[in-house]
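# Chains, contacts and geometry: an overview
For reference, the chains in residue letters:
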Amino acid sequence: MTDVPCLFHHVSMVRHKLDSVNECARRGYNLRFTCDGCGHVVEANSSELMIELNARRVSLTLSTIEEKARCSECGHRGAAVVPCDINF
C-alpha cells in the first residue's frame with residue numbers, strides 16, 4: 001500500500017462560552033447593548049467595562065448586566081447584551 005498525502009485535514013472548531021465580560025475581554029470581543037425599550041444600540045469596550053464593573057464590585061455575568069443596564073436614550077432598564085467584533 002502506498003502512502004497518499006491527505007488533501008483535507010479535519011480541524012476541530014472550539015466554541016468558547018462567552019457568558020461574562022471577562023471572557024469577552026479575554027477573547028477580544030466588544031459588547032453590543034440593545035435597549036429592550038427603544039432598540040437603541042451601543043457598543044462598549046469589554047476591557048474598559050470589566051475594569052469599571054470590578055471597581056464597583058458588580059457581577060460581570062452578561063445576564064446580570066442585561067438586567068441592570070439602563071438606556072441613555074429612553075431610561076429603560078434592561079437590554080440584550082451580546083459579544084461583537086471590535087469595530088472601533
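Residues numbered from 1 in each chain as written. Predicted model: local features only at pLDDT ≥ 70, side-chain atom pairs only at ≥ 80, totals over all residues. Heavy atoms only, no water.

## Structural notes on the overall build of the protein
- Assigned secondary structure in the protein consists of three helices and three strands.
- Along the chain direction, N to C, the helices and strands of the protein fall in the order α-β-β-α-α-β.
- Counting only residues that meet the buried cut, the protein has 26% of its 88 residues in that class.
- If you take every contact in the protein between residues at least 6 apart in sequence, the share linking residues at least 24 apart comes to 57%.
- Within the structure as shown, the protein displays about 6700 Å² of accessible surface, and the carbon and sulfur contribution to it stands at 52%. (Helix = DSSP H or I, 4+ residues; strand = E, 2+ residues; numbered from the N terminus. Buried < 20%, exposed > 50% of the residue type's maximum accessible area, 1.4 Å probe, protein only. Contact = heavy atoms within 4.5 Å. Areas by Shrake-Rupley, 256 points an atom, 1.4 Å probe, with all protein chains shown as cover.)

## Observations regarding the side chain of Glu-23
- Turning to its location among the elements, Glu-23 is positioned in helix H1 (residues 21-27).
- Exposure remark for Glu-23: the relative accessible area of 18% places this residue in the buried category.
- Apart from the residues lying within four places of it in its own chain, the contact partners of Glu-23 are Lys-17 and Leu-18.

## Observations regarding the nonpolar core
- Of all hydrophobic cores here, the largest spans 13 residues; its most connected members are Val-21, Leu-31 and Phe-33.
- Elements that contribute at least two residues to this core include exactly H1, strand E1 (30-35), helix H2 (46-56), helix H3 (62-68) and strand E3 (79-84).
- In this view, Leu-31 contacts Val-21, Cys-24, Val-42, Glu-43, Ala-44, Ser-46, Leu-49, Leu-62, Val-81, Val-82, Pro-83 and Cys-84; residues no more than four positions away in its chain are not counted. (Core = buried A, V, L, I, M, F, W, Y, C linked by side-chain atoms within 4.5 Å.)

## Here we look at H2
- Every buried residue of H2 is listed here: Ser-46, Leu-49 and Leu-53. In an axial view of H2, the angular spread of the buried residues amounts to 60 degrees, which keeps them on one side of the axis. Seen from the open side of H2, the exposed residues pointing more than 90 degrees away from its buried face are Glu-48, Ile-51 and Ala-55.
- The secondary structure elements touched by the buried residues of H2 are H1, E1, strand E2 (41-44) and H3. (Arc of directions from axis to C-beta.)

## Concerning the side chain of Ser-46
- Relative to the helices and strands, Ser-46 resides in helix H2.
- A distance of 2.5 Å separates a polar atom in the side chain of Ser-46 from the backbone oxygen of Tyr-29.
- Beyond its immediate stretch of four places on either side in the chain, Ser-46 contacts Val-21, Cys-24, Ala-25, Tyr-29, Asn-30 and Leu-31. (Polar contact = N/O pair within 3.5 Å; in protein donor to acceptor, adjacent residues only side chain to side chain.)

## Observations regarding the sheet that holds E2
- An order of E2-E1-E3 is seen for the three strands of this open sheet, with the pairing classed as antiparallel. Either end of the sheet is taken by a strand with one partner, and the two such strands are E2 and E3. In this sheet, neighbouring strand axes are inclined to one another by 25 degrees on average, regardless of whether the strands run parallel or antiparallel. (Pairing = 2+ DSSP bridges. Axes fitted to C-alpha atoms, helices over the stretch in contact; angles between N-to-C directions.)

## Observations concerning the pairing of E2
- Inspection of the sheet shows E1 paired to E2 by four bridges, in the antiparallel sense. Residue pairing across strands places Phe-33 opposite Val-42, the latter belonging to E2.
- Here E1 folds back onto E2, and the loop between the two strands holds five residues, one of which, Gly-39, carries a positive phi near 85 degrees.

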